[in-house]
Structures are given as structure tokens and as C-alpha cells.
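Structure at a glance
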Amino acid sequence: MIKNITITITMLLLISSTFAFAGNNDENKEVKAIKDIIAGIEYGWENGDGKPFRDNFLDFEGARYIEGGGQNKGLDSLVSHHVEPEKDAMEYLKLDFANIEVHFEGDNFAWAIADTRVKGKVKKSGRTFDKAGFQTFLFRKIDDKWKLVHSHSSSRDYRPAKKHAH
């Protein structure tokens, strides 16, 4: 009898850990999908390429994308007036999203936050900049694919943390 109970408990533990592992894999797959979109956005900004934006942003009436203290009303405004023209205006642009955290609210909504660092040099003036801050991304799942519905970036001049003597 005790042997049967032990076997039953062992089987239940194996089954429950299998389901927990499978669920975790599903979440890891979803996190990867969202991080891949964010990596595409990073690539798009650096290369003045609107394709990752057009592929992964939900273009809808009322869409707002906040960048650099201004807002772009709609996807076309973001891509045509911000992403693509900046490539020609910049000698270089380096963007880094780090420490990306992804959070899910149910099955069809997710949000992510990332540390942001952006460096560049403006061709016309020769001015360089180095900014650090945060970026927030809101996603909605449509037809089994994540779409970015809103983004907000906030940054200021990069100031490395001062080391304190102990």
C-alpha cells in the first residue's frame, strides 16, 4: 500500500513538473517573440529601416509613439518623419536596449521596459550626443502574433554613476 502511494505521488510530481515546464516553455517562447520585436526596432533605428516597424507595429487610428520628447501620430509619421530620415541626418546612431523585462497581463496583452542608451553624431552640425533612460513598449496579441501598440522613450544626458570611496 505505501509502495503504491509512493509510486502515485512520484507520478503526480513528474506529471505536474512536466506541465510546469511546458508552461514555462510557452512563456519563454512569448518572451523571445517580444524581445525579437524589440531587437528589430533597435536595428531599424540604427539603420534607418522602417521595415521592422511596419512589420511589428499595429497601425491604427489614434496610435501615438513618443520619442525624444515629441510624439508621432501613427505609424507612417514615426517611420517616414523620424526613423528613415534620421539615417541620412546622422553620421552614426547606436541604440542599445538592455535589461529588458517582459510582463504579461492575460493572454493578449504584454508590456516591456528596457534601459536605453543612445549615442550619435549629427552630420550637419557635428554635434554628438550620449543619452540614457528608459523605454516602455505595450503589445497586443492579434491573430496569434504580438504587435506593438505604443512606445514611450525618455532619456537625458548620460551621466555615469560616480564611484564612492569607502
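Just so it is clear, the structure is predicted and the values come from calculations on it, not from any experiment.

A look at the overall build of the chain
Of regular secondary structure, the chain possesses three helices and six strands. Moving toward the C terminus, one meets the helices and strands of the chain in the order α-α-β-β-α-β-β-β-β. Evaluated residue by residue, the chain yields a buried proportion of 33% over its 166 residues. Looking at the chain alone, contacts between residues at least 24 apart form 53% of all its contacts between residues at least 6 apart. For the chain, the computed accessible surface area is about 11000 Å², with 54% contributed by carbon and sulfur atoms.

Describing the packing of aromatic side chains
Scanning all chains against the criterion turns up six aromatic pairs. Ring plane angle 85 degrees and centroid distance 5.5 Å describe the contact between Trp45 and Phe53, whose orientation is recorded as edge-to-face. Classification of Phe53 by relative accessible area gives buried; the value is 1%. Both rings, one in Phe53 and one in Phe57, keep their centres 5.2 Å apart while their planes meet at 45 degrees; by these two values the pair is tilted. Accessibility expressed as a relative area gives 4% for Phe57, which makes it buried. Grouping aromatic residues by their ring pairs yields a cluster made of Trp45, Phe53, Phe57 and Tyr65. The ring of Tyr158 has Arg117 sitting right over it, with the charged end atom 3.4 Å from the ring centre.

Focus on helix 3 (residues 75–89)
Over its 15 residues, helix 3 extends 20 Å from the first C-alpha to the last, a length consistent with the 21 Å expected when each residue adds 1.5 Å. Taken together, the buried positions of helix 3 are occupied by Leu75, Ser77, Leu78, Val79, His82 and Val83.

So, the pairing of strand 2 (residues 70–73)
With four bridges joining them, strand 1 (residues 64–67) and strand 2 adopt antiparallel strand pairing. Bridge assignment links Arg64 to a residue of strand 2, and that residue is Lys73. The hairpin formed by strand 1 and strand 2 contains two residues between the paired strands, and Gly68 there has a positive phi angle of roughly 55 degrees.

Looking at the nonpolar core
Formed by 29 residues in total, the largest nonpolar core has its most connected members in Ile41, Phe53, Phe137 and Phe139. Breaking this core down by element, the ones donating at least two residues are helix 1 (2–47), helix 3, strand 3 (90–105), strand 4 (109–122), strand 5 (128–142) and strand 6 (145–157). Ranked by residue count, the leading element in this core is helix 1, at six residues. Setting aside residues up to four positions removed in sequence, Phe53 forms contacts with Ile41, Gly44, Trp45, Leu75, Leu78, Val79 and Val83.

Cut-offs used in this document
Residues numbered from 1 in each chain as written. Predicted model: local features only at pLDDT ≥ 70, side-chain atom pairs only at ≥ 80, totals over all residues. Heavy atoms only, no water. Helix = DSSP H or I, 4+ residues; strand = E, 2+ residues; numbered from the N terminus. Buried < 20%, exposed > 50% of the residue type's maximum accessible area, 1.4 Å probe, protein only. Contact = heavy atoms within 4.5 Å. Areas by Shrake-Rupley, 256 points an atom, 1.4 Å probe, with all protein chains shown as cover. Phe/Tyr/Trp six-rings, centres within 6.5 Å; stacked < 30°, edge-to-face > 60°. Lys NZ or Arg CZ within 6 Å of the ring centre and 35° of its normal. Expected span 1.5 Å × (residues − 1). Pairing = 2+ DSSP bridges. Core = buried A, V, L, I, M, F, W, Y, C linked by side-chain atoms within 4.5 Å.

Spatial relationships are all this shows, so hold off on functional conclusions.
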